[in-house]
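Descriptive structure summary
Chain residues, written in single-letter form:
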Amino acid sequence: MGSTLRAALHAYVFGLVGVFLLAAPWSPLWDNLALVLSPTHWAGIARSGWLRGLVSGLGALNLWVALRAGAELWRSVRGARAAPDPE
């Protein structure tokens, strides 16, 4: 049961981080961060589309890992239920 819980938590955390990274660069949260950095040259980089795309790509990668972990968890749980109990 411990490995099942660990796998479920793994899928959940990767999914949560993936959704955040996918959406955050295109939200007002990101623009507020760029305003905080505005006295430095990093503000221009933070506002650039390529950095936003890179962060969103990392979010998509996290979602892919979460989906794979969820699919593996689903297969293991279904396999455990289908297997007969050894006596």
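Residues numbered from 1 in each chain as written. Predicted model: local features only at pLDDT ≥ 70, side-chain atom pairs only at ≥ 80, totals over all residues. Heavy atoms only, no water.

Counting its regular elements, the protein contains four helices and zero strands. Taken over 87 residues, the protein has a buried fraction of 23%. Contacts in the protein between residues at least 24 apart in sequence constitute 69% of all its contacts with a sequence separation of at least 6. Split by element, the accessible area of the protein, about 6,500 Å² in all, is 72% carbon and sulfur. (Helix = DSSP H or I, 4+ residues; strand = E, 2+ residues; numbered from the N terminus. Buried < 20%, exposed > 50% of the residue type's maximum accessible area, 1.4 Å probe, protein only. Contact = heavy atoms within 4.5 Å. Areas by Shrake-Rupley, 256 points an atom, 1.4 Å probe, with all protein chains shown as cover.)

Tracing the backbone through its elements, the reader meets Leu-33 in helix 2 (residues 28-36). With relative accessibility at 39%, the residue Leu-33 sits in the partly exposed group. Distance from Leu-33 to Ala-43, taken between C-alpha atoms, is 8.3 Å for residues ten residues apart in sequence.

Before going further, it helps to examine the side chain of Ser-56. Mapping Ser-56 onto the fold places it in helix 4 (residues 49-82). For Ser-56, the residues in contact, after removing those within four places along its chain, are Leu-21, Leu-22, Pro-25 and Trp-26.

The next thing to look at is the pattern of salt bridges. Using the criterion set out here, one finds two salt bridges in the structure. In this structure, Asp-31 engages Arg-52 in a salt bridge whose closest nitrogen and oxygen atoms are separated by 2.6 Å. Pair noted here: Asp-31 is in helix 2 and Arg-52 is in helix 4, with a separation of 21 residues, a long-range link. Take Asp-31: its relative accessible area is 35%, and that puts it in the partly exposed class. Taking the relative accessible area as the measure of exposure, Arg-52 reaches 12% and is therefore buried. Residues Glu-72 and Arg-75 are paired through a salt bridge, measuring 3.0 Å at the closest nitrogen-oxygen approach. Taken together, the positions of Glu-72 and Arg-75, both in helix 4 and three residues apart, correspond to about one turn of that helix. Among the residues examined, Glu-72 registers a relative accessible area of 45% and is labelled partly exposed. (Salt bridge = Lys/Arg side-chain N within 4 Å of Asp/Glu carboxyl O.)

With that settled, consider the environment of Gly-49. Counting through the fold element by element, Gly-49 comes out in helix 4. The class for Gly-49 is partly exposed, based on a relative accessible area of 47%. For the pair Gly-49 and Trp-26, spaced 23 residues apart in sequence, the C-alpha separation works out to 9.5 Å.

Attention shifts here to helix 1 (residues 2-23). Each turn of an α-helix holds 3.6 residues, which means side chains three or four residues apart point in the same direction. Counted at 1.5 Å a residue, the expected span for helix 1 with its 22 residues is 32 Å, and the 32 Å between its end C-alpha atoms agrees. Within the span of helix 1, buried status applies to Ala-11, Gly-15 and Gly-18. Relative to the axis of helix 1, the buried residues are bounded by an arc of 65° and lie together on one face. Counted as exposed and oriented over 90 degrees from the buried face of helix 1: Leu-5, Arg-6, Leu-9, Tyr-12 and Leu-16. (Expected span 1.5 Å × (residues − 1). Arc of directions from axis to C-beta.)

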